[in-house]
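# Structural description and commentary
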Amino acid sequence: MLHYSVKLDSIKDLVELKKIAKKYDIGGKINQNGFHGDLRSVFTNLFYLPLNEAVIEIDDYRDSQVNYINEAMGKLTA
């Protein structure tokens, strides 16, 4: 399981996260203070913005993609 601390302030950040998830065909959750949202759901997560101290847990990925995912998630990490 991969973990990333991120700061999601806008719909633009949520759309970027969805693009990353779709590009690498990954699945997971966004967690912050009792909120648990789906990684790919932009509209549901939109109601909980800003997610200033969110942790993304990616549990559905291929080992060969880890470096690419780390690089892509670097744009959103806090």
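Definitions and limits used
- Residues numbered from 1 in each chain as written.
- Predicted model: local features only at pLDDT ≥ 70, side-chain atom pairs only at ≥ 80, totals over all residues.
- Heavy atoms only, no water.
- Buried < 20%, exposed > 50% of the residue type's maximum accessible area, 1.4 Å probe, protein only.
- Helix = DSSP H or I, 4+ residues; strand = E, 2+ residues; numbered from the N terminus.
- Arc of directions from axis to C-beta.
- Pairing = 2+ DSSP bridges.
- Axes fitted to C-alpha atoms, helices over the stretch in contact; angles between N-to-C directions.
- Contact = heavy atoms within 4.5 Å.

## Here we look at helix α3 (residues 66–73)
- Taken as a whole, α3 has its buried residues at I69, A72 and M73. Summarising the axial view, the buried residues of α3 lie within an arc of 95°, below the 170-degree limit, and thus occupy one face. Exposed and oriented more than 90 degrees from the buried face of α3 are N67 and E71.

## Concerning the sheet that holds strand β3 (residues 35–38)
- In spatial order, the strands read β1-β4-β2-β3; together these 4 strands make up an open sheet with antiparallel pairing. Of all the strands in the sheet, the pair left with one neighbour each is β1 (2–8) and β3. Going across the sheet, the axis of each strand differs from the next one's by a mean of 30°, ignoring polarity.
- The sheet contact formed by strand β2 (residues 27–32) and strand β4 (residues 51–60) spans 5 bridges and is antiparallel. For K29, the partnering residue across the bridge sits in β4 and is E57.
- The strands touched by helix α1 (residues 11–24) are β1, β2 and β4; relative to β1, the strand with the most contacts, the crossing angle is about 155°.
- Across the face of the sheet, α3 comes into contact with β1 and β4 while running at roughly 15° to β1.

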